[in-house]
2 protein chains.
Amino acid sequence: MNNSFILRGGIAFSEDKNRITTYYRGYIVCVDGICMGAFPSLPDEYKDLPLYDYGERLIIPGMTDLHVHAPQYTFRGIGMDEELLEWLSTYTFPEEAKYADMEYARRAYKYFTEDLRRCFSTRAVVFGTLHTDATLELMDQLDKTGLITYVGKVNMDRNGGENLQEESAEASLEATKEWLERCKGRYVNTYPILTPRFIPSCSDELMMSIGVLSRENGLRIQSHLSENLSEIAWVKELVPESTSYANAYEIFDTMGTPDCPTIMAHCVHSDEEEMSILKKHGAYIAHCADSNMNLTSGIAPIRKFMDAGINIGLGTDVAAGSSMNMVKTMLITLQASKMYYRLVDQNVKPLTFEEVFYLATEGGGSYFGKIGSFKPGFDFDAVVVDDSKMYSMRDMSIRERVERMCYNDADAIIKDKFVKGRKVYTRIE
Amino acid sequence: MNNSFILRGGIAFSEDKNRITTYYRGYIVCVDGICMGAFPSLPDEYKDLPLYDYGERLIIPGMTDLHVHAPQYTFRGIGMDEELLEWLSTYTFPEEAKYADMEYARRAYKYFTEDLRRCFSTRAVVFGTLHTDATLELMDQLDKTGLITYVGKVNMDRNGGENLQEESAEASLEATKEWLERCKGRYVNTYPILTPRFIPSCSDELMMSIGVLSRENGLRIQSHLSENLSEIAWVKELVPESTSYANAYEIFDTMGTPDCPTIMAHCVHSDEEEMSILKKHGAYIAHCADSNMNLTSGIAPIRKFMDAGINIGLGTDVAAGSSMNMVKTMLITLQASKMYYRLVDQNVKPLTFEEVFYLATEGGGSYFGKIGSFKPGFDFDAVVVDDSKMYSMRDMSIRERVERMCYNDADAIIKDKFVKGRKVYTRIE
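Residues numbered from 1 in each chain as written. Chains lettered and ligands numbered in written order. Predicted model: local features only at pLDDT ≥ 70, side-chain atom pairs only at ≥ 80, totals over all residues. Heavy atoms only, no water.

Q: What is the right way to look at the overall build of chain A in this model?
A: Check the secondary structure of chain A and you find 13 helices and 19 strands. Taken over the C-alpha trace, chain A has a radius of gyration of 21 Å; the compact-globule value for 429 residues is 22 Å, and the two agree within 12%. Considered along the principal axes of its C-alpha atoms, chain A spans approximately 60 × 50 × 40 Å. Within chain A, the fraction of its 429 residues that count as buried is 68%. (Helix = DSSP H or I, 4+ residues; strand = E, 2+ residues; numbered from the N terminus. Rg over C-alpha atoms; globule rule 2.2 N^0.38 Å. Buried < 20%, exposed > 50% of the residue type's maximum accessible area, 1.4 Å probe, protein only.)

What follows is the structure, encoded as structure tokens:
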């Protein structure tokens, strides 16, 4: 299959955040990896392109996982009775320390990479560990998949315990520069992203130097913000001059700019001040509802963030989230927003299915460019889904089938996946 | 495989609600359909029984789905942006009306029955529709599976619209008596249960007559209680003399007795008065967290109910719950209890994984007798699970693997299922 072709099937994509456009037995056209649009009947100008007919299957845009920890993948789904700080010290940090061993890293990252290749995501923004070699191994593996990813070597020079901590701010910075040097010219699909874990893991000096590195090289940053109440109290102790956790990042000049946006995962407890900081810097919120419920963090008021015009995508946040399945994440995102409305503030209406579908596709995809829709000019990222295991007693609309898929992820089988018009995955029956 | 044998594998079951007993490569012994216990090594007295070695697979007790609507199964996962009363009138009642057509009922119930056979549940308490013939068809199909179920022909003589309503209280009662008559001697594994849908669907006269029928014949009752705020307000209008929704059921003598316990689904908004009524009557709460989040109903304070000593099991509540997968229900139950703690009342601690495993197995199972554990004297209900798709980088304990299975239900493959020592399902590879 070359890079210009037509797919036919049950098409669904977000026209905007309130509208899912669908075509039963419709067409999407890919020319040189770019989507020319979706059509109920095929325009004459494309009639000579090869056509691949997926019959009754669904075809939806590739999804973007805006926050996932690769080294945590193999211990997902355990220790979920803990809250954040206990969970990090008991499960996460000891596991991540093992990635000093390259043989371990190679094997473990194969599991992660292969499962990412098979899931609904065509793009992802990924945390590695603090280890340069292991992070390059992860990037090498990801680059070959054809998925497009940002990957970060983690910075942490304090509070990691003796096995998961860089020796000093300077050592962390030097390791980061070496890592960036070794990335140069090495990848087609994989980009480095600066990754200070979170303020409790990074000294003021380290945070400052990451801010400088970002600014001088136009490098993006990812981190965590306002996930857990104990964490927030700790940050206030660590950066007493800050007016908020977000302001602490701002002090270190790590909140980015609209042209070089920072991703902040969680923002569960972000108030008006943090919202205005996020908005001002053009930052992205990676909303991780599954993780936020599992670690008893709370529920982020996504409706408020959307109303304020803040950039938002969804993250699975494995391993605090238990699966890389973005449609399961959509279901949990919906449930979380309904509970925020019911239990916290009835002025904050639940997210609609349309809105959550948008967040999973174009919302997070916009971090990468024109990604996550079948509107003309978007990169051709597409996922073909067989939902026939969920038989029905009547004809269902494409819109109904897409909703049903999210509520029954175990029965939605991905058949093929395309990134920029290249097939990156085919299910072997 | 006859009815006395030994299974070997990774055994896990609730010793009590705070303790999961596990044996790596342990044994469970079945004699005439009854569990003789679980053992780290095989007692001599059983050494002549046939042994089936499941190697590294997990073996857990069969689960009990305490609340599921069979006719709603084929439209699960759609319309989930609605709340209860709108969802009932828009999706549910029109669908249930179709079960007047026996051809339709036969086909649709095959989907339900086959999927129930394949899931983690070995026991279930099931709503049919108001149609006698269709409900008998459902019971016929279920009886053949070997699963043990209670099934109810629904009573509703008001507020169902013209297509889903019995003509009068008397007509509903007569149809129920006819249905009970036709059940007699017909089933081995399937029991009738009286099923007034909920008070808005049943006139005072009908409710009263169901109470009498229950008492005179020792027949159990299932219904819905305090699911949604609009519903509760409506019940208060319909039964103005009641002091609570639960009291309204009490007025009609439908709350049952410890020897003949009523199941009340939901109890999201049940207060101290309702708790004391439920407790006094020995009623069971069917906790349906997935449904309660999907329909924006809220979160039931299960910890409070447990502390009060009320009987509790879990229900999937398809189709307001979107799947019959009880381990996915466990995950959502945990998330719901964590959010109740975080967002509503920090004096109500989240449920532990141990507690939720107990509720899914022995908690709900106790409605059927000694069911849902591998302690001696329990019915031999068991599920064999292959979790090898969730490879790990280290040896995991059985306890960890059981937790991981619940957080990654899509990757937990059921291989075999036993009810009372009879194999009712084998996965065909």
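Continuing now.
Q: What's the story with the interface of chain A and chain B in this structure? I'm lost.
A: Taken together, the contacts link 58 residues of chain A with 58 residues of chain B. Summing the contributions of chain A and of chain B, the shared interface buries around 4,800 Å²; its carbon and sulfur component is 55%. On the surface where chain A and chain B come into contact, there are four salt bridges. With a closest N to O distance of 3.6 Å, D409 of chain B and K328 of chain A form a salt bridge. Joining chain A to chain B, the criterion identifies 28 residue pairs in polar contact (both at pLDDT 80 or more). Mapped onto the side of chain A that touches chain B, the elements with two or more residues apiece are α2 (102–118), α9 (289–294), α11 (326–344), α12 (353–365) and α13 (398–407) of chain A. (Contact = heavy atoms within 4.5 Å. Buried area = accessible area lost by both parts, 1.4 Å probe. Salt bridge = Lys/Arg side-chain N within 4 Å of Asp/Glu carboxyl O. Polar contact = N/O pair within 3.5 Å; in protein donor to acceptor, adjacent residues only side chain to side chain.)

Q: Would you take a moment to explain the sheet that holds strand β6 (residues 121–127) of chain A for this structure?
A: Paired through backbone hydrogen bonds, the strands of a sheet run either parallel or antiparallel to each other. Residue and element names in this part refer to chain A. Pairing within the open sheet is parallel, and its four strands lie in the order β5-β6-β7-β9. Each having just a single partner strand, β5 (63–69) and β9 (190–192) make up the two edges of the open sheet. Strand-to-strand twist across the sheet, computed as the mean angle between neighbouring axes with direction ignored, equals 20°. Across five bridges, the pairing between β6 and strand β7 (residues 148–152) is parallel. Residue pairing for β7: F127 is matched across the bridge by G152. Seen against the sheet, helix α3 (residues 132–145) touches β6, β7 and β9 and runs at an angle of roughly 180° to β7. (Pairing = 2+ DSSP bridges. Axes fitted to C-alpha atoms, helices over the stretch in contact; angles between N-to-C directions.)

Q: When you look at the relation of the copies chain A and chain B in this model, what are you seeing that I'm missing?
A: Here the two chain copies are tied together by a rotation about an axis and a shift along that axis. In screw terms, the move from chain A to chain B is a rotation of 180° and a rise of 0.0 Å along the axis, fitting with an RMSD of 0.0 Å. Such a turn and shift between the copies fits a two-fold axis. Residue A410 of chain A, judged by its C-alpha, is the member of chain A lying nearest the rotation axis, at 2.3 Å. (Least-squares fit on C-alpha atoms with pLDDT ≥ 70 in both.)

Q: Before we go on, may I ask you to explain the domain arrangement of chain A in this structure?
A: The extent of an interface is frequently quoted as the accessible surface area lost upon association of the parts. All names here are of chain A. Here chain A is described as being made up of domain 1 (5–61 + 373–426) and domain 2 (63–365). Between domain 1 and domain 2, the C-alpha centre-to-centre distance is 29 Å. Taken together, the contacts link 33 residues of domain 1 with 29 residues of domain 2. Here domain 1 packs against domain 2, burying approximately 2,600 Å² in sum over the two surfaces, 62% of which is carbon and sulfur. (Domains from an automatic or database assignment.)

Q: Explanation requested: the side chain of D387 of chain B in the structure shown.
A: Residue and element names in this part refer to chain B. Mapped onto the elements of the fold, D387 is located in the loop between β17 (382–386) and α13 (398–407). Here D387 falls in the buried class, since its relative accessible area comes to 5%. Among the polar contacts listed, one links the side chain of D387 to the side chain of R404, at a separation of 3.2 Å. In this structure, D387 is in contact with L58, R401, R404 and D411, ignoring residues within four places of it in sequence.

Q: What's the story with the pairing of strand β18 (residues 413–419) of chain A in this structure? I'm lost.
A: Residues and elements named next belong to chain A. Across the seven residues of β18, seven count as buried, placing the element largely inside the fold. Both strand β17 (residues 382–386) and β18 contribute to a ladder of five bridges, which runs antiparallel. The partner of V383 across the bridge, within β18, is K417. By the bridge criterion, four bridges tie β18 to strand β19 (residues 422–426) in an arrangement that is antiparallel. Its bridge partner lying in β19, K417 is registered against Y425. The turn linking β18 back onto β19 is made up of two residues, and K420 within it adopts a positive phi angle of 50°.

Q: What exactly am I supposed to notice about the sheet that holds strand β3 (residues 34–39) of chain B here?
A: All names here are of chain B. Spatial ordering of the open sheet is given by β3-β2-β1-β4-β17-β18-β19, a layout of seven strands whose pairing is mixed. Only two strands of the sheet have a single neighbouring strand rather than two, namely β3 and β19 (422–426). Shown here is a sheet whose adjacent strand axes are inclined to one another by a mean of 35°, direction ignored. The sheet contact formed by strand β1 (residues 5–16) and strand β4 (residues 51–61) spans five bridges and is parallel. Residue L7 lies in a different strand from β4, and its bridge partner there is Y52. Here helix α2 (residues 102–118) sits on the sheet and contacts β18 (413–419) and β19; the angle it forms with β18, its principal contact strand, is near 95°.

Q: Can you walk me through the pairing of strand β7 (residues 148–152) of chain B in this structure?
A: On a regular strand, each side chain points to the face opposite its neighbour's, so the side chains alternate between the two faces of the sheet. All names here are of chain B. Counting buried residues in β7 gives five out of five residues, a clear majority hidden from the surface. Two strands pair when backbone bridges link them, and β7 and strand β9 (residues 190–192) are joined in this way by three bridges, in the parallel orientation. Bridge assignment links V151 to a residue of β9, and that residue is P192.

Q: Teacher, can you tell me more about the nonpolar core here?
A: General note: in soluble globular proteins, nonpolar side chains tend to be found buried as a group. Counting 264 residues, the largest nonpolar core has F120 of chain A together with F120 of chain B as its most contacted members. Among residues more than four places away in sequence, those in contact with F120 of chain A are I60, G62, M63, N325, M326, V327, V383, V385, M405, A412, I414 and K417 of chain A. (Core = buried A, V, L, I, M, F, W, Y, C linked by side-chain atoms within 4.5 Å.)

Q: Would you explain the packing of aromatic side chains in this entry?
A: For the coordinates displayed, the defined rule picks out 38 aromatic pairs over all chains. Arranged with centres 6.1 Å apart and planes meeting at 35°, the rings of F75 of chain A and W87 of chain A form a pair that is tilted. Taken together, the residues F75 of chain A in the loop between β5 and α1 (84–97) and W87 of chain A in helix α1 connect sequence positions twelve residues apart. W87 of chain A shares its class with F75 of chain A; the two are buried. Through a chain of ring-to-ring contacts, the aromatic side chains of F5, F13, Y52, F374, F380 and F418 of chain A assemble into a single cluster. Directly above the ring of Y73 of chain B sits R76 of chain B, whose terminal nitrogen or CZ lies 4.0 Å from the centroid. Geometry around Y367 of chain B places R220 of chain B over its ring, the cationic atom sitting 4.4 Å from the centre. (Phe/Tyr/Trp six-rings, centres within 6.5 Å; stacked < 30°, edge-to-face > 60°. Lys NZ or Arg CZ within 6 Å of the ring centre and 35° of its normal.)

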